[in-house]
Amino acid sequence: MSTMQIREFRVGDESALHAVFHSSIHLLACADYTPEQIDAWAPEKMDQVMWAKRMREIKPFVLELQGQVVAYADVQANGYIDHFFVSGMHSRRGIGTLLMAHLHFVARNLGIAELTSDVSRTAQPFFERCGFEVVELKFPVRRGVLIPNALMRKVMADDKTGRCR
């Protein structure tokens, strides 16, 4: 029996979270983005000091499967989801759905009226199943490369369950 646990971020999680981020982009998003876009988004050599600083700022929730970090996501006080990543080796197992339900629970407890996120092409269908709608197509540039995504929003009052379809 596999046990999943969601917990708060702890200092020391940074490298495990980077491994999830990197595998998610290189193994999943590669279906929707070019190799150049993937490498600009999640390069092999990333500044680990800056990465650690970012993780400590956003304080994501960490999902462990049998003690191994396999996903993480955050929700900020303004309802913005900055990071939402499931390891490329653990996709399509309900992990993202469980993590999204947790974000909804936290958002409701904080009285957040709406959730927003800049969502990759790869994750847009998942976010749509969770009740988000595309507000705006965006064209951010990372490391000189255009990596399209979409600003998506979900009004919390429109969904009482927090479940994804």
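This text follows the structure it describes.
Residues numbered from 1 in each chain as written. Predicted model: local features only at pLDDT ≥ 70, side-chain atom pairs only at ≥ 80, totals over all residues. Heavy atoms only, no water.

Peer 1: Before we go on, may I ask you to explain unusual backbone geometry in this structure?
Peer 2: Note on backbone geometry: most residues besides glycine have negative phi, and most peptide bonds are trans. For Gln 66, which is not glycine, the phi dihedral falls at a positive 50°. Relative to the elements of secondary structure, Gln 66 occurs in the loop between strand S2 (61–65) and strand S3 (68–73). Residue Gln 66 is classed as exposed on the basis of its relative accessible area, which comes to 55%. Despite not being glycine, Arg 92 has its phi angle at roughly 60°, a positive value. By relative accessible area, Arg 92 is classed as exposed at 83%. (Helix = DSSP H or I, 4+ residues; strand = E, 2+ residues; numbered from the N terminus. Buried < 20%, exposed > 50% of the residue type's maximum accessible area, 1.4 Å probe, protein only.)

Peer 1: Just to check I follow, could you spell out the pattern of salt bridges for this structure?
Peer 2: Any two side chains of opposite charge can pair, on the condition that their charged atoms come close. As enumerated under the stated definition, the model contains 8 salt bridges in all. Measuring nitrogen to oxygen at the nearest pair gives 2.8 Å for the salt bridge that ties Asp 13 to Arg 7. Of the two residues, Asp 13 and Arg 7, both sit in the buried class. Among the ionic pairs, Glu 14 bridges to Arg 56, the shortest N-O distance being 2.7 Å. Of the two residues, Glu 14 is situated in helix H1 (residues 14–27) and Arg 56 in helix H3 (residues 48–58); the sequence distance between them amounts to 42 residues. We classify Glu 14 as buried; its relative accessible area is 9%. Connected through salt bridges with shared partners, the residues Lys 53, Arg 54, Glu 57 and Asp 82 form a single ionic network. (Salt bridge = Lys/Arg side-chain N within 4 Å of Asp/Glu carboxyl O.)

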